[in-house]
Amino acid sequence: MIAKLLIGIARLWQIGPSAILPPSCRYQPSCSAYAITALSRYGALKGCWLSVRRIARCHPWGGSGYDPVP
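Read on for an overview of the structure. (Residues numbered from 1 in each chain as written. Predicted model: local features only at pLDDT ≥ 70, side-chain atom pairs only at ≥ 80, totals over all residues. Heavy atoms only, no water.)

1. What to know about unusual backbone geometry
Logical step 1: A cis amide bond links Gln28 to the next residue, Pro29, at an omega of 0°.
Logical step 2: Position of Pro29 among the secondary structure elements: in the loop between β1 (27-28) and α3 (31-57). (Helix = DSSP H or I, 4+ residues; strand = E, 2+ residues; numbered from the N terminus.)

Okay, here's the thing in structure tokens:
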């Protein structure tokens, strides 16, 4: 139930602010798509943890490229 709510929030981000802002994601798939996959695959607790870790790595001195959900 909580995972579905968090997935809904990520989808709202994709169709709302993310659609208006210029693309700036360093990773493939995007952080919101990564979060949706992680939440779907692992549930609310672990999926949220993986998503937060991914977002924390997304900065100018971080990595880039293909980074799939484990």
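2. Let's talk about the environment of Ala10
Logical step 1: Checked against the element boundaries, Ala10 lands in helix α1 (residues 2-15).
Logical step 2: On the basis of relative accessibility, which here comes to 10%, the residue Ala10 falls in the buried class.
Logical step 3: The residues contacting Ala10, other than those within four sequence positions of it, are Ser32 and Ile36. (Buried < 20%, exposed > 50% of the residue type's maximum accessible area, 1.4 Å probe, protein only. Contact = heavy atoms within 4.5 Å.)

3. Some remarks on the environment of Ser32
Logical step 1: For Ser32, the location among the structural elements is in helix α3.
Logical step 2: Along the chain, Ser32 and Ile7 lie 25 residues apart, while their C-alpha atoms are 8.9 Å from each other.
Logical step 3: Discounting chain neighbours no more than four positions away, the residues touching Ser32 are Ala10, Trp13 and Gln14.

4. Thoughts on α3
Residue pairs three or four apart in sequence face the same way in an α-helix, which turns once every 3.6 residues.
Logical step 1: For α3, spanning 27 residues, the distance from its first C-alpha to its last is only 10 Å, which falls clearly below the expected 39 Å at 1.5 Å a residue.
Logical step 2: The sharpest bend along α3 comes to roughly 140°, located at Gly43.
Logical step 3: Turning to α3, its buried residues are Cys31, Ser32, Tyr34, Ala35, Ile36, Ala38, Leu39, Gly47, Leu50, Ser51 and Arg54. (Expected span 1.5 Å × (residues − 1). Bend = angle between axes of the 7 residues up to and from the residue.)

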